[in-house]
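# Secondary and tertiary structure notes
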Amino acid sequence: MIDYDHAGRPAVQVGNPGPALLLLSEPARPFEDGPTLDFLIKAHGPWGSIETSVATWGGDGLDTFLASLAEDFRGWEGARTWHSLSYDLTLSAEHRSGGHVELTWGIHDRAPSETWHFETATVYAAGEDMRTLAAEMHTFLASVA
């Protein structure tokens, strides 16, 4: 669900509240005219919370990846994967029975330490729910164009 932070910047809540709630926020271009686009990802749950900065090259096509999953709503074999520029955010998508897509979000500590790794899954109805997520992600990534 697209929302806005205290500074009026878009934020995307991923998935339904469950074991972990993911929030992508604070999109920014660290170099004014450069293609680098960074944002924060936070995971909150009863176990605590983590957050890290995600570095991308113009969003690394995350919205396009999600849109391609929506277009293939009838399903596919195996896992489709996406990763950010520095692998600090990874995403694996599998089509499940009943017309659902399971997205496994991986949040990783930055290299070279890579001392921790967190994963959680969210489930969406194939088709329209995935289209909505892709559109929200597009709005989020394009907000600092």
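Coordinates for the structure precede this section.
Overview of the structure. It should be emphasised that the depicted structure is a prediction, and the values quoted were computed from it without experimental measurement. (Residues numbered from 1 in each chain as written. Predicted model: local features only at pLDDT ≥ 70, side-chain atom pairs only at ≥ 80, totals over all residues. Heavy atoms only, no water.)

## Section: the pattern of salt bridges
The condition is simple: By salt bridge we mean one thing: a side-chain nitrogen of Lys or Arg within 4 Å of a carboxyl oxygen of Asp or Glu. Burial status follows relative accessibility: with a 1.4 Å probe on protein chains alone, a residue under 20% of its type maximum counts as buried, one over 50% as exposed, and anything between as partly exposed. Note on conventions: DSSP H or I runs of at least 4 residues are helices, E runs of at least 2 residues are strands, and numbering of each starts at the N terminus.
This model, assessed by the stated rule, comprises 5 salt bridges. In this structure, D72 and R80 form a salt bridge, with 2.7 Å as the shortest nitrogen-oxygen distance. Look at D72 and you get partly exposed, because its relative accessible area is 30%. Across the pair E128 and R131 runs a salt bridge whose closest N-O atoms are separated by 3.4 Å. In this pair, E128 and R131 are both assigned in helix α2 (residues 128–142), 3 residues apart and thus about one turn of the helix distant. The partly exposed category is assigned to R131, whose relative accessible area is 33%. Through salt bridges with shared partners, one network takes in E71, E128 and R131.

## What about the side chain of H108?
So the rule is basically this: What qualifies as a polar contact is a pair of N or O atoms within 3.5 Å, subject to a donor-acceptor requirement within protein and to the restriction that residues adjacent in sequence count only when both atoms come from side chains. Contact between two residues is taken to exist if any of their heavy atoms lie within 4.5 Å; hydrogens are not considered.
Locating H108 in the fold gives a position in strand β8 (residues 100–108). Judged by relative accessible area, H108 falls into the buried class, the value being 15%. Within polar-contact distance, the side chain of H108 engages the side chain of T90 at 2.9 Å. Look past the residues within four positions of H108 in its chain and what remains in contact with it is T52, Y87, D88, L89, T90, W116 and H117.

## Concerning the packing of aromatic side chains
We count it as follows: Here is the rule: rings of Phe, Tyr and Trp (six-membered ring for Trp) pair when centre to centre is within 6.5 Å. Planes less than 30 degrees apart are stacked, more than 60 are edge-to-face, and the remainder are tilted. Throughout this description, the term charge over a ring refers to an Arg CZ or Lys NZ atom that lies within 6 Å of the ring centre and within 35 degrees of the ring normal.
Tallied over the entire structure, the rule returns 2 aromatic pairs. Ring geometry for F39 against F140: centres 5.5 Å apart, planes inclined by 80 degrees, an arrangement best described as edge-to-face. Of this pair, F39 sits in strand β4 (residues 36–45) while F140 sits in helix α2, placing them 101 residues apart in sequence. Each ring, one from W47 and one from F118, has its centre 5.1 Å from the other, and the planes form 45 degrees; the classification is tilted. On the criterion of sequence distance, the pair formed by W47 in the loop between β4 and β5 (48–57) and F118 in strand β9 (residues 117–125) is long-range, its members being 71 residues apart. Classification of W47 as partly exposed rests on a relative accessible area of 43%. Take F118: its relative accessible area is 16%, and that puts it in the buried class. Lying over the aromatic face of W76, R80 brings its terminal NZ or CZ to 4.5 Å of the ring centre.

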